[in-house]
Amino acid sequence: MKRIIFAISFFTLFHVLEEVNAQNVNLNTEAKTLTYEELYDTPYDINKLFIHLQPMYGELFTTNSTVGWGIKAQYYLKNLADFEGHIRAPYGRSFDLTRDAAFKNSTVDNEARPFTYFELIGTYHIKDEEQDTETKFILYSKRYKGDKWAATVPSHTIIPTKVRRIYGARFGGMAYKSSVDYNRIMDKQSVTLISDEGGEIGADESVYGNMSAVGFYIGGSMVLIKNVAVQPDKIYGTLVNDLIFTTFFDVNFTPMVTVDDIYIDGIRYSSEPIQKSELGFRAGLEGKFNRKFSWAYGGEIGYRPGLKQSGFFALIKISFPVFSTQLRYQVESFGK
């Protein structure tokens, strides 16, 4: 858990420092004399559709921790709004920790189901503006190869550029299902399950079952977009900064939480005593690049509604590859 929280904090700190450093005076002598040609500086000219293939995510979730894969799509509707959908699931039973424990230890009739998560979010752009800023570029020379580049302290320069800031209002829905360790939940909540015949579930039973939840998100976001490239006139290669960086905060309301009843030798034990939670929250960040073929990262931390005292989660996602396009289709014309 400490590593996950550290990684999320690192990403946030990195981008904060980048903004702060952009305000500092560049004391690098070589950067002071650097001249360059601006190739483009167009933060509004970004791709409209991004498809993320996520070969790895890791989630520490009090109810059920998992490691697996995901797919995400995001579409920008002009400068008005953007929409995204996301699905993720574990690689298999061994990476679905509560389900794997149920397979090895359960003494009840219920069969644990695999974890799955679905999400659909829309963001309306309340304020979308372009501002002047400064961007730090690392100066890389083709002369620096192999060990020479590794042993060289990179020079850098700060160049006036533009940045696009979007303040948005988010709304969407989510649904997930997961296997559950009922013994742990009953211990935390100090409850027990009662059968239709009035008897309590045995203390020696290893009880695993399933739950599902459907809810809504409402929140806000801020997006920083840079899409700039310059060509220095010396030995250095083209300098590019095309990062799309998003931070967000959502409140989660989940009125539909279902916890399965437990069956032992055909006798039903009602899940009614188990307490559910309807409210939660999350804070997160995401970064991707305005390129046809690239990669992306993301992280979240918060409290997910479902079962009381079992909602804390921390998540890291890596996307590679990420495909994107402007959805512009050109038809060639020829004169007679």
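The shown structure was predicted, so the numbers you read here are calculated from the model rather than taken from an experiment.

Once that is clear, we can look at the environment of Thr133. You can see Thr133 is positioned in strand 5 (residues 116-139). On a C-alpha basis, the gap between Thr133 and Arg164 in space is 9.8 Å, while along the polypeptide they are 31 residues apart.

Further remarks concern helix 3 (residues 97-105). Buried within helix 3 we find Thr98, Asp100, Ala101 and Ala102. On its buried face, helix 3 is in contact with strand 6 (155-181), helix 5 (182-189) and strand 8 (208-225).

Take the sheet that holds strand 7 (residues 194-195) next. Across a sheet, strands are paired by hydrogen bonds formed along the backbone, either parallel or antiparallel in direction. Across the sheet, three strands lie side by side as 7-13-12; this open sheet has antiparallel pairing. Edge positions in the open sheet fall to strand 7 and strand 12 (262-264), since each of these has one partner strand only. Both strand 7 and strand 13 (residues 267-270) contribute to a ladder of two bridges, which runs antiparallel. Across the sheet, residue Ser195 finds its bridge partner in strand 13, namely Tyr269.

To continue, consider the confidence of the model for the protein. In this model, the protein carries an average pLDDT of 88, and 83% of its residues clear a pLDDT of 70 or more. Below a pLDDT of 50 lies the segment residues 1-14, which in the model reaches 17 contacts outside its immediate sequence neighbourhood of four places, other chains included.

If you walk through the whole model with that rule in mind, you get nine aromatic pairs. Residues Phe293 and Phe320 carry aromatic rings whose centres are separated by 5.7 Å and whose planes lie at 75° to one another, so their mutual orientation is edge-to-face. Note that Phe293 is positioned in strand 16 (residues 293-303) and Phe320 in strand 18 (residues 312-325), a separation of 27 residues in sequence. Judged by its relative accessible area of 49%, Phe293 falls in the partly exposed class. Pairing Trp295 with Tyr297 gives two aromatic rings, centres 5.7 Å apart and planes at 45°, and the pair type is tilted. Under the relative-accessibility criterion, Tyr297 is labelled buried at 8%. Through pairs of rings, three or more aromatic residues link up here, namely Phe61, Phe115 and Tyr176. Residue placement shows Arg282 over the ring face of Tyr217; its charged tip is 3.8 Å from the ring centre. Residue placement shows Arg304 over the ring face of Phe313; its charged tip is 4.3 Å from the ring centre.

This brings us to the nonpolar core. Residues Tyr176, Tyr182, Leu193, Ile201, Met211 and Ile262 are the most contacted members of the largest nonpolar core, which totals 27 residues. Residue assignment for this core shows that the elements contributing at least two residues are strand 2 (49-61), strand 5, strand 6, helix 5, strand 8, strand 11 (243-259), strand 12 and strand 18. Beyond its immediate stretch of four places on either side in the chain, Tyr182 contacts Leu193, Val207, Tyr208, Gly209, Asn210, Val259, Asp260, Ile262 and Ile274. Core analysis: the second largest hydrophobic core is formed by nine residues, Ile46, Ile166, Val223 and Ala296 among them.

Criteria and cut-off values
Throughout this document, residue positions are counted from 1 along each chain, in the order its sequence is written. Local features in this predicted model are restricted to residues of pLDDT 70 or higher, and side-chain atom pairs are both shown and tallied only at a pLDDT of 80 or more, whereas totals for entire chains, interfaces and linings draw on every residue. Based on all heavy atoms of the structure, the side-chain values leave hydrogens and waters out of the count. Helix and strand assignments come from DSSP, with helices taken as H or I runs of at least 4 residues and strands as E runs of at least 2, each series counted from the N terminus. Between buried and exposed lies partly exposed: a residue is buried under 20% and exposed over 50% of the maximum accessible area for its type, with that area taken using a 1.4 Å probe on protein chains only. What makes two residues a contact is simply this: any of their non-hydrogen atoms within 4.5 Å. Two strands form a pair only when DSSP identifies at least two bridges running between them. For every residue, the pLDDT score states the predictor's confidence, bounded by 0 at the bottom and 100 at the top. Pairing of aromatic rings covers Phe, Tyr and the six-membered ring of Trp, with a centre-to-centre limit of 6.5 Å; geometry is then stacked below 30 degrees between planes, edge-to-face above 60, and tilted otherwise. In this scheme, the term charge over a ring applies when either NZ of a lysine or CZ of an arginine sits within 6 Å of the ring centre and within 35 degrees of the ring normal. Take the buried residues of types Ala, Val, Leu, Ile, Met, Phe, Trp, Tyr and Cys, join any two whose side-chain atoms come within 4.5 Å, and each joined set is a nonpolar core.

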